[in-house]
Amino acid sequence: MNASYDKLLSTLRQLPGLGYRSAERIAVHLLAHKTNSLEQLMDALKDAKSNVQPCTTCGHLSESRLCTICEDQNRNRRSLCIVESVLDLIAIERSGTWGGLYHVLSGKLSPIHGVLPEHLNLANLSDRIQTEQIEEIIFALTNDIEGNATCHFIQDMLSSYSNLKFTQVGFGLPSGGGVTFADPNTLKSAFESRRTYR
């Protein structure tokens, strides 16, 4: 079409979940319909870029040093749910299933794809266990080889905490399935039927 349109389309296609057709619809809507959507989107993106960063404790998105979950003293502060991504955390929160704390890894181990322990948000995990006196780790990672390898790695990493209990969300999540797209009832069932992780 033209260079500016092609650049916008190419940029939109880099976003997760947007294929060619979806990116094309969004680009045409923003450019052709002359509504204030484009200005609102640009303002929202600038605002988010300036004000949103990872929580220094858990890795969730926050506008301050600590996110609202880490600041909430009414949550179960002895149990820590480990998730792959912020999207998983949001899905669990939306389900109303979990009232404890989180730790967002920002991925899972996958040496074949170049994802090693130093690429994950693991630097402060051991300190959190000690400082926050965590008693239970709940793994809510994708039920696949990489997810299981990540769980084993973390369990080994924290093996010096002899009183720490490790559990994994249970039934309801399909093999290879993740938390992000599970419905609230499935997540509730998975948390209620969590089992000891070995």
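The structure under discussion appears in the preceding block.
Residues numbered from 1 in each chain as written. Predicted model: local features only at pLDDT ≥ 70, side-chain atom pairs only at ≥ 80, totals over all residues. Heavy atoms only, no water.

Peer 1: Any chance you could explain the environment of Val115 here in plain terms?
Peer 2: Its place among the elements puts Val115 in the loop between strand E4 (100-104) and helix H6 (125-131). The spacing of Val115 and Glu146 is 31 residues in sequence and 9.9 Å in space, taken between C-alpha atoms. If we skip the residues at most four places from it in the chain, Val115 touches Lys108, Leu109, Ser110 and Leu120. (Helix = DSSP H or I, 4+ residues; strand = E, 2+ residues; numbered from the N terminus. Contact = heavy atoms within 4.5 Å.)

Peer 1: Looking at this structure, how should I read the packing of aromatic side chains?
Peer 2: For any two aromatic rings, the description comes down to two numbers: the centre-to-centre distance and the angle of the planes. The final tally for this structure, using the stated rule, is one aromatic pair. Centroid distance Phe139 to Phe166: 6.0 Å. Interplanar angle 10°. Geometry classified as stacked. Remark: Phe166 occurs in strand E6 (residues 165-168) and Phe139 occurs in strand E5 (residues 136-140); sequence separation between them is 27 residues. Residue Phe139 is classed as buried on the basis of its relative accessible area of 0%. (Phe/Tyr/Trp six-rings, centres within 6.5 Å; stacked < 30°, edge-to-face > 60°. Buried < 20%, exposed > 50% of the residue type's maximum accessible area, 1.4 Å probe, protein only.)

Peer 1: Just to check I follow, could you spell out helix H1 (residues 3-13) for this structure?
Peer 2: Along an α-helix, residues three or four positions apart point the same way, because every turn accommodates 3.6 residues. All buried positions along H1 are accounted for by Tyr5, Leu9 and Leu12. Projected down its long axis, H1 carries its buried residues within an arc of 65°, all on one side. What points out from H1, more than 90 degrees from its buried face, is the exposed set Ala3, Ser4 and Lys7. Looking at the buried positions of H1, the neighbouring elements they touch are helix H2 (20-32). (Arc of directions from axis to C-beta.)

Peer 1: Honestly, the packing of H1 against H2 in this entry has me stumped. Any pointers?
Peer 2: Axis angle and axis distance: for two packed helices, these are the angle between their axes and the distance between the axes, and together they describe the pair. Their axes nearest at 9 Å, the elements H1 and H2 cross at an angle of 130°. Comparing the axis directions of H1 and H2 gives the class oblique. At the point where H1 passes H2, the crossing takes the right-handed sense. Between H1 and H2, the contacting residues are Tyr5, Leu8, Leu9, Leu12 and Arg13 on the first element and Tyr20, Ala23, Glu24, Ile26, Ala27, Val28 and Leu31 on the second. The class makeup of the residues in the contact of H1 with H2 is ten nonpolar, no polar and two charged. (Axes fitted to C-alpha atoms, helices over the stretch in contact; angles between N-to-C directions. Parallel < 35°, antiparallel > 145°, perpendicular 65-115°, else oblique. Left-handed = near helix turned anticlockwise from the far one by under 90°. Nonpolar A, V, L, I, M, F, W, Y, C, P; charged D, E, K, R; others polar.)

Peer 1: Sorry, what's going on with unusual backbone geometry here?
Peer 2: Most peptide bonds adopt trans geometry, and most residues besides glycine take a negative phi value. Of note, Ser106 is a non-glycine position whose phi angle comes to about 65°, a positive value. Position of Ser106 among the secondary structure elements: in the loop between E4 and H6. Using a relative accessible area of 53% as the deciding quantity, one classes Ser106 as exposed. For Gln133, which is not a glycine, the phi torsion comes out positive at approximately 55°.

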